[in-house]
Amino acid sequence: MKNYRRFLKEVEELIEVTDAEMENIEDVLMDLNPRDLSFNEIFGDKTRIIAPFYSHDANLNRLKALLAKSGYTPDFSTGLATYYETTFPPKYEDGRPRKMILTLAQTKDPKLTKDARTQKKQVKIGKLLQKGSRLFDAAKKAQEEFEKVKPEDFGLEHSPRDLDEPSYRGVEKDDETKAQEYREASKKAEEKADIDFRKLTNVFFGAQPVMIDDTNNFAKLAEWWNKKSAFYRENPEAASGEVGEEKSSVYSVIYTRHPIDVMRMSDFDNIQSCHSPPSRSGGMGGSFYKCAVAEAHGHGIMAYVVKNEDLKNLKELNEVEDLTDQEFLDALGDEEEELFLDSERGTGDIEPVSRLRIRQFGSPEHKMEFGVPELAKQVYGGHGKSAQGSKEFYSTVKKWALENQKEQFDKLLKTAKEEDVLDLRKLERYGGSYMDYGVSSEDLLRSLLATDENEEWLRFAGEAKVDSTTEDNLELNASLMEDWQEEVNDLTETFNRRSNGIEASAEVEDNGDGEAFISLTAELILRIPESKFTVPVFSDPVPNTIVHLWDYLVNDMGLVDWLDDNVSYTVNNQTVIITIPIDFDPTSAEPYSYAPDELEENLGVLDGLDDQYDAIYEYAEDYFRRQGIFEGSALITLAQQLEGEDWYEWDHEIDDDYRPSDIAIETKQYVNFEDLKEKIPITFNRPAEVSAGVGIMFDGNEQIGTAYQRHDGEGNFKDWEIHFSEQYGFDDARMDGFGNLDAVKEFAQWSLTKAILRPKGTRIPKGWKASRDYFLEVRRLMAAGTAVDGEPSEGYFWPNPQVWVNGPDSDDEYLMMFRMELDDGDSDQTVRNAFDILEDNDDEDKLKEIFRTAFAKVAKIKGASVAETKQYFAKFKDVISS
């Protein structure tokens, strides 16, 4: 503090570092070789590296808001969204049940989530967004078609409203006809628009965050997710925090170990601290300037935030607009030009916005060095004035430090876990000795290394030693090519380990003139289980189909343009391995590099392409399905057959015409069973012994109840009373008022009909669920046309059939419904069986006959074409009780 007070009295009013102060690092600058500085593992031959500044990922926030408002809970580590779907009764008697996704608030109510009508489901986020995109386009198109319907297109000179006015006297019959045609067309188009819009809102009832205008923002989100999904799966914490992987278009970060840049860490108008040079007036200038000089002797790294616009203007000023920012920094280094403005010495051009210091630490135990960023609160400059700006800047530098020093930190953490402590006394800190008050080495390392995975066990002890002497622990290898190849191998191995589907290889070669260069090749590799193919993979048409995958991805879908038209495949360990070379021409990557750090940049471009892997894989599977060689092909084919052909007696529902995952097929037939009901074999049995009751017999050997005579007070016959056996579960167990046994027989037949078609207690929105015996017989008869001898085999794959009944109506007819439901989890054979049933029974008379024949069989009516069902009522009782 005495030195600081003495400085305040002697300070001169200069603005930047003076030439005299530059003499403090003259010995470093006289013969500056970047490899004589520290952190060569990161910088290579460079002194400055430019990297993105990461800020809020707007698309991530938009996606999270959309999913949350629509009832979806995303898991970014898996790329899946979870939701709950509840089924409600139809609005109309013969309508279909309605499905609704629960809001996130509703999912917290156990009564709703555990309700039998509620199902927990999962869907890929990318698939969900693509579905939203298609539904949005369909809804928009339907709305546009509705708006296109104009009265003048129907030859009307007046609006239909005018024609409806009583005072209008110019109405001609022809006008009335045209007006009616217009109304019908407009109504039809409006209904179509409403239906398509409801399809969208049924999936995204919170769609407002992306429905800002007529732009398909679902498509934009889907495109963004295809590129970013891999990153968020590998880094789910980035999705849960405030800062995502969004690159700022305003700022970049320059990481520099150039001695002048380091020494001037606090030598700018908006960046001053106790490390400012003595020539800085006021404030804390000069008190710990010696620490900045020590850092400048090869120990420190500075991270400076610069405006991208400033870099652009500077390149234009020097007429080198075609250079990348990194190339421009390299050129400045080659020409020994400064970057940051120093008006006192008449050099440099750019004024940085903020800065953050990266401290050099060393581990003698592991024979390595590593850089540790200071804390967010130690940010100086413009971002230091904003808590959020400081946090984003620190997060950006932290991400850069961890990614570029992964091996070093892995070693530290491994040792710490083995020893149950990270002993800081085994570490050394180089460069300037000053640390902000209240900040320790432990604070820096804890902020950098403590994550959700290790913060429970990671403990620290001691304090790092301070070694402020100038050291250079790195030596050059005797052979540059050997040195490069080792670094190249590390870079490609790291890339291949992290990539989804792109594999890269690189070799260091001699150009013949004694100069080294690095050649880079890469391939996209799709690994698909052989079991997913429904045709042997080396049999027609599989080889030709796979070869044309490139044409589908590049030309038909326009998904990518960086794949070479040279598809090959092989099979290894029951996996089909499809290989497509990368074409570098359409990309910013180069097949040749002239330094390992340049190779790293090219691998970075490939890493961006690799983000599209999931989308490519999914489109490839879609392509194989549509070609009929892949599991799930039958479902797509069925959807096409349902949409492309006319079906007389069947209706269908498809959740997504392009990429179907759920299909329902249903027929409804009004059937009269009156003639069959009268043939149900009901007889009477009066026991030999004296008895007041008459047994009501079904098929001659099954007593289902007893009929008793009732008399008035004078002993005169009044009527018959029926007591049905309780075990059979008829709707009316006791009835009276029957004048004779013929009436008793008729009621028994009617009760049996109801028991067969619609057992007691099974009413749901669709109607009554038919008895199990009747359901099994209808199901068998539906498939009889394609089964062997009219009997489906034991291994027959049924497409989830259901039978529902409503009625009888005023005409004594029952509405019979047979429904088949399929999804993308059903086998192709199951789907084909469903189509066979549909195709073989698309006839009203045949369907009615199936329902009637099944009834005749179960009701044991003579003349039925099937064998009797044993233990009829025992089975019935199980259904009723359930």
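Nothing here was measured: the structure is a model prediction, and the numbers come from that model.

Criteria and cut-off values
Residues numbered from 1 in each chain as written. Predicted model: local features only at pLDDT ≥ 70, side-chain atom pairs only at ≥ 80, totals over all residues. Heavy atoms only, no water. Core = buried A, V, L, I, M, F, W, Y, C linked by side-chain atoms within 4.5 Å. Buried < 20%, exposed > 50% of the residue type's maximum accessible area, 1.4 Å probe, protein only. Contact = heavy atoms within 4.5 Å. Helix = DSSP H or I, 4+ residues; strand = E, 2+ residues; numbered from the N terminus. Salt bridge = Lys/Arg side-chain N within 4 Å of Asp/Glu carboxyl O. Pairing = 2+ DSSP bridges. Axes fitted to C-alpha atoms, helices over the stretch in contact; angles between N-to-C directions. Phe/Tyr/Trp six-rings, centres within 6.5 Å; stacked < 30°, edge-to-face > 60°. Arc of directions from axis to C-beta.

Quick look at the nonpolar core now. In this structure, Phe 673, Tyr 774 and Phe 855 are the most contacted members of the largest nonpolar core, which totals 62 residues. Setting aside chain neighbours within four positions, we find Phe 855 in contact with Phe 673, Leu 676, Lys 677, Ile 680, Thr 753, Ile 756, Leu 757, Tyr 774 and Ile 861. In terms of nonpolar packing, the next biggest core, distinct from the first, is built from 49 residues, Phe 495, Ile 578, Leu 609 and Phe 624 among them.

What follows deals with the environment of Ala 834. Position of Ala 834 relative to the elements: it lies in helix α29 (residues 828-840). Ala 834 sits 37 residues away from Phe 797 along the chain, and the two C-alpha atoms are 9.2 Å apart.

Here the structure, examined in full by the defined rule, presents 35 salt bridges. Arg 710 is the partner of Asp 736 in a salt bridge, and the nearest nitrogen-oxygen pair spans 3.4 Å. Taken together, the positions of Asp 736 in strand β26 (residues 734-738) and Arg 710 in strand β24 (residues 702-711) put the pair 26 residues apart, joining distant regions of the chain. Residues joined by salt bridges that share partners form a network here, namely Lys 532, Glu 621, Asp 622 and Arg 625.

What follows covers the sheet that holds β24. Read from one edge of the open sheet, five strands run β22-β23-β24-β25-β26, paired in antiparallel fashion. Two strands in the sheet have a free side with no partner beyond their single neighbour: β22 (682-685) and β26. Across the sheet, the mean angle from the axis of one strand to that of its neighbour is 30°, orientation sign disregarded. Of the pairings in the sheet, the one linking β22 to strand β23 (residues 693-698) comprises four bridges and is antiparallel in character. What sits directly across from Ile 682, in β23, is Phe 698.

Next up on the list: the pairing of strand β30 (residues 813-823). The buried count for β30 comes to eight of 11 residues, which makes it a mostly enclosed element. Pairing of strand β21 (residues 662-672) with β30, which is carried by 11 bridges, proceeds in the antiparallel orientation. The residue of β30 that forms the bridge with Ile 665 is Met 820. Pairing analysis gives six bridges linking strand β29 (residues 801-806) to β30, with the strands arranged antiparallel. Residue Pro 801 lies in a different strand from β30, and its bridge partner there is Met 820.

For the rest of this paragraph, the subject is the packing of aromatic side chains. Any aromatic ring pair is given by two values, namely how distant the centres are and how the planes are angled relative to each other. The full count for this structure, using the stated rule, is 32 aromatic pairs. When the ring of Phe 517 is compared with that of Tyr 592, the centres are 5.9 Å apart and the planes differ by 70°; the resulting orientation is edge-to-face. With a gap of 75 residues between them, Phe 517 in strand β16 (residues 516-529) and Tyr 592 in strand β19 (residues 592-593) connect regions that are remote in the sequence. Looking at Tyr 592, the relative accessible area reads 45%, which means it is partly exposed. Grouped by ring-pair contacts, the aromatic residues Tyr 72, Tyr 83, Phe 136, Phe 204 and Phe 218 constitute a single cluster.

Two strands pair when backbone bridges link them, and strand β17 (residues 568-572) and strand β18 (residues 575-581) are joined in this way by five bridges, in the antiparallel orientation. Bridging across to β18, Thr 570 finds its partner in Ile 577. Counting the residues that bridge the hairpin from β17 to β18 gives two residues, and of these Asn 573 lies at a positive phi of roughly 55°.

Okay, helix α19 (residues 441-449) next. Burial in α19 covers these residues: Ser 441, Leu 444, Leu 445, Leu 448 and Leu 449. Taken end-on, α19 shows its buried residues confined to a sector of 105°, consistent with a single buried face.

Distances and angles like these do not, on their own, reveal function.
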